[in-house]
There are 2 protein chains.
Amino acid sequence: MTDEKEILGTCPVDRGLMRVGDRWSMLILRDIERGLTRYEQLRTSLSIAPNILSRRLAALADAGLIEKSRYSQRPPRDEYLLTDAGRDFLPILLAIGAWGRKYNGAGALSRHLDAATGKVVRPVVVDANTGAPIGSRPLRFELPE
Amino acid sequence: MTDEKEILGTCPVDRGLMRVGDRWSMLILRDIERGLTRYEQLRTSLSIAPNILSRRLAALADAGLIEKSRYSQRPPRDEYLLTDAGRDFLPILLAIGAWGRKYNGAGALSRHLDAATGKVVRPVVVDANTGAPIGSRPLRFELPE
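All figures in this text were calculated on a predicted structure; none of them were measured in a lab.

### Some details on the environment of G97(B)
Right, so step 1: Here G97(B) shows up in helix 5 (residues 84-103).
Right, so step 2: Take G97(B): its relative accessible area is 4%, and that puts it in the buried class.
Right, so step 3: The spatial distance from the C-alpha of G97(B) to the C-alpha of L113(B) is 13 Å, given a sequence separation of 16 residues.
Right, so step 4: With sequence-adjacent residues up to four places away left out, G97(B) is seen in contact with P12(A) and V13(A).

Right under this line is the structure:
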């Protein structure tokens, strides 16, 4: 598996996945966004082995998506907060959620509502230049020169 | 790690990640979309161990994102094509690419252009109801009843 000691490839998708490319990392970001910022809260929510959780938290911190913040001096206790980079990943999680709802959505699912309109959010990836959903217009792939 | 024999949770993000929740699976989808549809092409492009590639291809086929298609009868040879579910995941990969470009984008990177306008695509996740980027308006999270 590629890590940052290897030569960086030219694909931005892989560059993203190098930083947050597995299910646990993404679920940790999701949970922190929902307010589960403490180690024990994450461990309980995810039913994850402590060594795996610790490793993922360290990797996400190294990758700049979360940072430790001390919320108690005595006893010393840290929580994990999203950085700007971590917050910028959340819309991708909502897009994955929309895909999961469509293709693996049996039963009752949680959802996000727009707080102002009360409508269920419908995440879709568009090209900001045209507003058209990605996939609805032909694209051309270009390698760097 | 959750698999489909476990009880399905109520989170659509996790439902999506159950189907395609690791870096290799996402890179395989990316490569197939770029026309690398044959086993050897994928193996070379990804520098991936054959047993891992075979396992990921089987999992993606089980999950309904790709399907085998026989392109030669003699000798028998298969390639892998995206299903509708697999194609629907591609916009998410472009969103991950936009994130990767922003936060891990040193050096020259490949890119997608809109074939008609020639402009570089700027993938962004919006709420289809309002057109507003996800993250720009307050959302309310709701568990199923």
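Having put the structure on the table, let's press on.
### Description of the packing of aromatic side chains
Right, so step 1: The final tally for this structure, using the stated rule, is 4 aromatic pairs over all chains.
Right, so step 2: Seen in terms of ring centroids, F89(A) and W99(B) are 5.3 Å apart; in terms of plane orientation they differ by 90°. Their pairing is edge-to-face. With F89(A) in helix 5 (residues 84-103) and W99(B) in helix 5, this pair bridges two chains. The exposure classification of F89(A) matches that of W99(B), with both residues buried.
Right, so step 3: Seen in terms of ring centroids, W99(A) and Y103(A) are 5.1 Å apart; in terms of plane orientation they differ by 40°. Their pairing is tilted. Here the residue W99(A) and the residue Y103(A) both occupy positions in helix 5, the gap between them amounting to 4 residues, near one helical turn.
Right, so step 4: According to the relative accessible area criterion, W99(A) is buried, its value standing at 3%.
Right, so step 5: Each member of the aromatic cluster is reached from another via a ring pair, and the members are F89(A), W99(B) and Y103(B).
Right, so step 6: Its end group placed over the ring of W24(B), R23(B) keeps NZ or CZ at 5.0 Å from the ring centre.
Right, so step 7: Over the ring of Y71(B) we find R38(B), and its NZ or CZ is 3.7 Å from the ring centre.

Conventions used here
- Residues numbered from 1 in each chain as written.
- Chains lettered and ligands numbered in written order.
- Predicted model: local features only at pLDDT ≥ 70, side-chain atom pairs only at ≥ 80, totals over all residues.
- Heavy atoms only, no water.
- Helix = DSSP H or I, 4+ residues; strand = E, 2+ residues; numbered from the N terminus.
- Buried < 20%, exposed > 50% of the residue type's maximum accessible area, 1.4 Å probe, protein only.
- Contact = heavy atoms within 4.5 Å.
- Phe/Tyr/Trp six-rings, centres within 6.5 Å; stacked < 30°, edge-to-face > 60°.
- Lys NZ or Arg CZ within 6 Å of the ring centre and 35° of its normal.

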